[in-house]
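Survey of secondary and tertiary structure
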Amino acid sequence: MADIFLSYSRNDRDIAESLAGILPKYGWTLYWDRQLLAGEVYDDVLEREINAARCVIVLWSAKSVASQWVRNEAGEGAERNAMVSVLIEDVKLPLAFRRIQAANLIGWRGDSRSEERRVGKECRSR
């Protein structure tokens, strides 16, 4: 099981992939749906991984705020006080998640900078 579960919209795969490549450099293990194997039952695997993760990082964009999958994954993380919100676009978050401070990675393109490191540090405090 991984330390971090990464939740995102498939439309945001490029930025999710960049973050997935950086977080392990800080000592984190990470699960994201790109690791799903052929023949596995999607929702069974995601439920197992999200429940085992120490932290749920949610990438918020116009597409992810409209995604029921992302909202459900965020809800699971928030319920356990294990969610870290990350804005990757300037969007209005779903009502249930507006009270949680979000890291700002708007415009981030995978380069190393302090805000991306902060995302990992937020998980460490969970």
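To keep things clear, this report deals only with the structure shown in the data block.

1. A look at the sheet that holds strand β4 (residues 83-87)
Strand order in this open sheet of 5 strands is β2-β1-β3-β4-β5, and the pairing throughout is parallel. Edge positions in the open sheet fall to β2 (30-31) and β5 (102-104), since each of these has one partner strand only. Sheet strands in contact with helix α1 (residues 13-22) are β1 (4-7), β2 and β3 (55-60), and its direction is about 145 degrees off that of β3. Contacts from helix α4 (residues 68-79) reach β1, β3 and β4 within the one sheet, and its direction differs from that of β3 by about 140 degrees.

2. So, helix α2 (residues 42-52)
Given 3.6 residues per turn, any residue in an α-helix points the same way as the ones three and four places further on. Of all the positions in α2, only V45, L46, E49 and I50 are classed as buried. Take α2 and look down its axis: the buried residues cluster within an arc of 120 degrees, on one side only. On its buried face, α2 sits against β1, β2, β3 and α4.

3. Considering the packing of α2 against α4
Between α2 and α4, the least distance of the axes is 10 Å, while the angle of their chain directions is 30 degrees. One way to sum up the angle between α2 and α4 is to call them roughly parallel. As for how α2 packs across α4, the hand of that crossing is right-handed. Listed contacts from α4 to Y42, D43, L46, I50 and N51 of α2 are W69, E73 and E76.

4. Quick look at the pattern of salt bridges
Throughout the structure, instances matching the rule amount to 1 salt bridge. A salt bridge links E49 to R48; the nearest nitrogen and oxygen atoms lie 3.5 Å apart. Overall, the relative accessible area of 41% leaves R48 in the partly exposed class.

The rules behind the values
- Residues numbered from 1 in each chain as written.
- Predicted model: local features only at pLDDT ≥ 70, side-chain atom pairs only at ≥ 80, totals over all residues.
- Heavy atoms only, no water.
- Pairing = 2+ DSSP bridges.
- Helix = DSSP H or I, 4+ residues; strand = E, 2+ residues; numbered from the N terminus.
- Contact = heavy atoms within 4.5 Å.
- Axes fitted to C-alpha atoms, helices over the stretch in contact; angles between N-to-C directions.
- Buried < 20%, exposed > 50% of the residue type's maximum accessible area, 1.4 Å probe, protein only.
- Arc of directions from axis to C-beta.
- Parallel < 35°, antiparallel > 145°, perpendicular 65-115°, else oblique.
- Left-handed = near helix turned anticlockwise from the far one by under 90°.
- Salt bridge = Lys/Arg side-chain N within 4 Å of Asp/Glu carboxyl O.

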